[in-house]
Amino acid sequence: MPGRGLILAIESSCDETAAAVVERGARTLSSVVASQIATHARYGGVVPELASREHLRAIVPVVRAALAQAGVTLAGLDAIAVTSGPGLAGALLVGITYAKALAFSTGLPLIAVNHLEGHIHAVLLNERESTPSPLRGDPDEQALALVVSGGHTHLYLARPTANTWHYQLIGRTLDDAAGEAYDKVAKLLGFGYPGGPIIDKLAPFGNPEAVRFTSPKMKGNALDFSFSGLKTAVLRWAEQHDMADEIAARRGMLHAGIDELRKATPQRTLDLLASFQHAVVRELLRHVAVSAEEIGAQSAIISGGVACNAGLRDAARTASLPYAVFFPTPGLSTDNAAMIAAAAFPKLARREFADFTLKAKASMSLA
Ligand code: KG4
Ligand code: ZN
């Protein structure tokens, strides 16, 4: 392959406008993320129309900043990569249209990347940037890959071959994604948005054994997930414990810092949050354990926004599992474009290019 394998990637599938320049899928020269959290926070969730508008505002400065921080010009690149799905159609379209325009004006090839594949490659990028990865080099090596975010809770078997990756979907959520459950529980209890980081910070102050949430009984595929029952159980618990006044008071504290929020939160609610987090972490790691045993995988990758969760990372680290668990750094766990560039690199090597008919695919699957 000619050149340095320099890819400029653009990611705009949800509420982050991101651009990055990565060399050979292994060295990040820049990674810029403009978050829209402040825009959506007051609505308690992502508002698609606002997301598209914010992407339009941010895309040009974010791409310029990524090029400037990498110290490269468009002429020094080898390809433009962009997330083509899954995600919000209008949001994806902003990134795709801009990437197409850049590819058209420079003559560089355009590479379409599935957002979920990007999340998996976030871990591989981390590994390549640090020590040699046990996930590389051996074509027969297979890894479990759990993508757990606001939109997805999907468990794959990922297998690298000489110059490509194959994915097999072995379990997925049948209702809410884990991040969505965090966000909905936070919202119903009067905490801010996004709920995952808030609950994660408050959970250590509560007793995870205080409220016993049972595991959902899955009909059909035992590796599928379900989180809507857990969310309903939290709602029911809140109703049974007359929390309405407490929740209403908290809704007036949306700009409070975590310390202030903790001091104003009764112990029983901290216990509820800790128990909720304990139940989510237990379900996620149980599925990884069952599938690792069935398949005999030596490694598991956990990626996506929920992979930032300190409780999940601690539980995986202290469980002395018979397989290695890899998490990306927190900055690479949530949405970013470096992971999109990393996933695009094998496609550049294979010359798997998109043309200008590329469209946004809101519900694109990986396998
Ligand atoms: O991957 P991501 O940035 O965007 C999607 O593709 O969805 O994930 C965002 C999701 C949100 O639901 C957010 O609440 C959750 O990840 N999240 C967390 C944590 N940080 C972000 N969930 C639990 N614990 C965290 N520390
Ligand atoms: Zn994501």
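Reference entry: report on the structure contained in this document. Please read these numbers as outputs of a predicted model, since none were measured by experiment.

**Concerning the overall build of the chain**
So, step 1. Secondary structure assignment for the chain yields 13 helices and 10 strands.
So, step 2. At 21 Å, the chain has a C-alpha radius of gyration in line with the 21 Å of a compact globule built from 367 residues.
So, step 3. Structurally, the chain occupies a C-alpha span of about 65 × 45 × 35 Å along its principal axes.
So, step 4. Expressed as a percentage of its 367 residues, the buried residues of the chain come to 53%.
So, step 5. Contacts in the chain between residues far apart in sequence, at least 24 positions, make up 74% of those at least 6 positions apart.
So, step 6. Of the roughly 15600 Å² of accessible surface on the chain, a fraction of 55% belongs to carbon and sulfur atoms.
So, step 7. Taking the 34 positively charged and 34 negatively charged side chains of the chain as two groups, their mean positions are separated by 3 Å.

**Observations regarding helix H3 (residues 89-106)**
So, step 1. With 18 residues, H3 ought to run about 26 Å at 1.5 Å a step, and its terminal C-alpha atoms sit 25 Å apart, in line with that.
So, step 2. What H3 keeps buried is the set Ala91, Leu92, Val94, Gly95, Ile96, Ala99, Lys100, Leu102 and Ala103.
So, step 3. The secondary structure elements touched by the buried residues of H3 are strand S1 (6-11), helix H2 (48-70), strand S4 (79-85) and strand S5 (110-114).
So, step 4. With its phi angle positive at about 80°, Gly107 sits one or two positions after the end of H3.

**Brief notes about the coordination of the zinc ion (ligand 2)**
So, step 1. Surrounding the zinc ion (ligand 2) are the protein donor atoms His115 (NE2), His119 (NE2) and Asp335 (OD), which sit 2.1 Å from the metal.
So, step 2. For the zinc ion (ligand 2), the 4 donor atoms in the first shell make angles of 92 to 146° at the metal, so the coordination geometry reads as irregular.
So, step 3. Read N to C, the donor residues that coordinate the zinc ion (ligand 2) are spaced as H-x3-H-x215-D. Of the two residues, His119 sits in helix H4 (residues 115-129) while Asp335 sits in the loop between helix H12 (330-333) and helix H13 (338-349), which places them 216 residues apart along the sequence. Comparing His119 with Asp335 shows no difference in burial state: the two are buried.

**Thoughts on unusual backbone geometry**
So, step 1. Across the junction of Gly85 and Pro86, the peptide omega takes the value -10°, indicating a cis bond.
So, step 2. The topology assignment puts Pro86 in the loop between S4 and H3.
So, step 3. A cis geometry characterises the amide bond from Tyr193 onward to Pro194, with omega recorded as -10°.
So, step 4. Here Pro194 lies in the loop between helix H5 (178-188) and helix H6 (195-202).
So, step 5. Backbone geometry at Ser320 places phi at a positive 40°, although glycine is not the residue there.
So, step 6. Mapped onto the elements of the fold, Ser320 is located in the loop between helix H11 (310-318) and strand S10 (324-326).
So, step 7. Residue classification places Ser320 among the exposed residues on the basis of a relative accessible area of 68%.
So, step 8. Its identity is not glycine, yet Arg351 carries a phi of approximately 55°, on the positive side.
So, step 9. With respect to the element layout, Arg351 can be found in the segment after H13.
So, step 10. On the basis of relative accessible area, Arg351 is assigned to the exposed category, the value being 61%.

**A closer look at the packing of aromatic side chains**
So, step 1. Applying the stated rule across the entire model yields 4 aromatic pairs.
So, step 2. Pairing Phe104 with Phe356 gives two aromatic rings, centres 5.7 Å apart and planes at 80°, and the pair type is edge-to-face. Of the two residues, Phe104 is situated in helix H3 and Phe356 in the segment after H13; the sequence distance between them amounts to 252 residues.
So, step 3. Take Phe356: its relative accessible area is 45%, and that puts it in the partly exposed class.
So, step 4. Relative to Tyr167, the ring of Tyr156 has its centre 6.4 Å away and its plane inclined at 75°; by these criteria the two rings are edge-to-face. Here Tyr167 lies in strand S8 (residues 165-172) and Tyr156 lies in strand S7 (residues 153-160), a separation of 11 residues in the sequence.
So, step 5. The class of Tyr156 is buried, set by a relative accessible area of 1%.
So, step 6. With a relative accessible area of 14%, Tyr167 lands in the buried category.

**What to know about the side chain of Ser291**
So, step 1. Here Ser291 shows up in helix H10 (residues 267-295).
So, step 2. For Ser291, the side chain forms a polar contact with the main-chain oxygen of Val288, separated by 3.2 Å.

Rules used throughout
- Residues numbered from 1 in each chain as written.
- Chains lettered and ligands numbered in written order.
- Predicted model: local features only at pLDDT ≥ 70, side-chain atom pairs only at ≥ 80, totals over all residues.
- Heavy atoms only, no water.
- Helix = DSSP H or I, 4+ residues; strand = E, 2+ residues; numbered from the N terminus.
- Rg over C-alpha atoms; globule rule 2.2 N^0.38 Å.
- Buried < 20%, exposed > 50% of the residue type's maximum accessible area, 1.4 Å probe, protein only.
- Contact = heavy atoms within 4.5 Å.
- Areas by Shrake-Rupley, 256 points an atom, 1.4 Å probe, with all protein chains shown as cover.
- Lys, Arg positive; Asp, Glu negative; His and termini not counted.
- Charge placed at Lys NZ, Arg CZ, Asp CG, Glu CD.
- Expected span 1.5 Å × (residues − 1).
- Donors = N, O, S within 2.8 Å, 3.2 Å for Na, K, Ca; no water.
- Tetrahedral: all angles 85-135°; square planar, octahedral: opposite > 155°, others 65-115°.
- Phe/Tyr/Trp six-rings, centres within 6.5 Å; stacked < 30°, edge-to-face > 60°.
- Polar contact = N/O pair within 3.5 Å; in protein donor to acceptor, adjacent residues only side chain to side chain.

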